[in-house]
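Here is what each chain is made of, one letter per residue.
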Amino acid sequence: MTASKAMKITKGMAMAAALMALGLPVAQAEGMMASAEIKGCTDPAIHGTATLTEQVTPEGIKEVTVEMTIKGLSDGKHAVHIHEVGACEPCGAAKGHHDPGPFGQSRPDSAGDEVPAKDINHPYHMGDLINIESKDGIGAMKTTTNRVTLSPGTLTILDADGSAFIIHTNPDTYCDEESDLKKGCAGGSRDACGIIQAAAH
Ligand SMILES: [Cu+2]
């Protein structure tokens, strides 16, 4: 047996052991689902739901499809991200953008700062998604990302401190214009939040 083959088996066994420790059957690692109830940060008229479904591509890559509907947002586009902590009270408790990489730079923009911060890492975070567009008070969006997983691993959003969706007041411009000084380019203040919770199916 080669060294690399031995390592793969060890890694797979460690994953199975981790799942069993969580009380999950090993087979549930595929096709996991999660959901979030979206609530306004200060406006109770804002409410909605999100569902997350993990699938595996023919190539063996895990993807997560996010579907979200929200009532009560102002018409137009609003930034949507997966933030790094599963907490919504207050919405600031969700902290920065989900970014589990070695550098952990979760800061999205310099909204409110006189001088743009140096550690902005938007739109490179694993939790950066697309805008939701609201028309006549009803917003809907659907997107698929391979930047995160629901099942355990380095990209999982169901980690020890959880994760939450934040829906922002303004659109995400993905901070690709130097002229905007990167202030608020990730959507600015927070309109709504929803804690992401694993769901049985
Ligand atoms: Cu955000």
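Further up the page is the structure itself.
Residues numbered from 1 in each chain as written. Predicted model: local features only at pLDDT ≥ 70, side-chain atom pairs only at ≥ 80, totals over all residues. Heavy atoms only, no water.

Draft legend 1. Quick peek at the overall build of the protein chain. A count of helices and strands for the protein chain gives 1 helix and 9 strands. Taken from N to C terminus, the helices and strands of the protein chain fall in the order α-β-β-β-β-β-β-β-β-β. A burial count over the protein chain gives 38% of its 201 residues as buried. At a minimum sequence separation of 6, the contacts of the protein chain that also span at least 24 residues come to 64%. (Helix = DSSP H or I, 4+ residues; strand = E, 2+ residues; numbered from the N terminus. Buried < 20%, exposed > 50% of the residue type's maximum accessible area, 1.4 Å probe, protein only. Contact = heavy atoms within 4.5 Å.)

Draft legend 2. Expanded view of the coordination of the copper ion. Summarising the metal site, the copper ion is bound by the protein donors His81 (ND1), His83 (NE2), His97 (NE2) and His168 (NE2), whose distances to it range over 2.0 to 2.5 Å. Coordination at the copper ion comes from 4 donor atoms whose angles at the metal span 82 to 136°, giving a geometry best classed as irregular. The sequence pattern describing where the donors of the copper ion fall on their chain is H-x1-H-x13-H-x70-H. Here His97, found in the loop between β5 (80–83) and β6 (132–135), pairs with His168, found in strand β8 (residues 164–168); they are 71 residues apart in sequence, far enough to count as distant. Exposure remark for His168: the relative accessible area of 3% places this residue in the buried category. (Donors = N, O, S within 2.8 Å, 3.2 Å for Na, K, Ca; no water. Tetrahedral: all angles 85-135°; square planar, octahedral: opposite > 155°, others 65-115°.)

Draft legend 3. Just unusual backbone geometry, in detail. For the peptide bond that leads from Glu89 to Pro90, omega is -5°, which places it in the cis range. Counting through the fold element by element, Pro90 comes out in the loop between β5 and β6. In this chain, His122 is followed by Pro123 through a cis amide linkage whose omega measures 10°. Turning to its location among the elements, Pro123 is positioned in the loop between β5 and β6. For Asp136, which is not glycine, the phi dihedral falls at a positive 50°. You can see Asp136 is positioned in the loop between β6 and β7 (138–145). A positive phi angle, near 50°, is found at Cys175, a position not held by glycine. Considering the arrangement of structural elements, one finds Cys175 in the loop between β8 and β9 (190–199).

Draft legend 4. Inspection of the nonpolar core at higher detail. Formed by 24 residues in total, the largest nonpolar core has its most connected members in Ile38, Leu52, Met68, Phe165 and Ile167. At the level of secondary structure, the elements contributing two or more residues to this core comprise β1 (33–40), β2 (47–56), β3 (62–71), β5, β8 and β9. Per-element tally for this core: the top contributor is β3, with 4 residues. Discounting chain neighbours no more than four positions away, the residues touching Ile167 are Ile38, Met68, Ile70, Leu73, His78, Ala79, Val80, Ile132, Arg190, Asp191 and Ala192. (Core = buried A, V, L, I, M, F, W, Y, C linked by side-chain atoms within 4.5 Å.)

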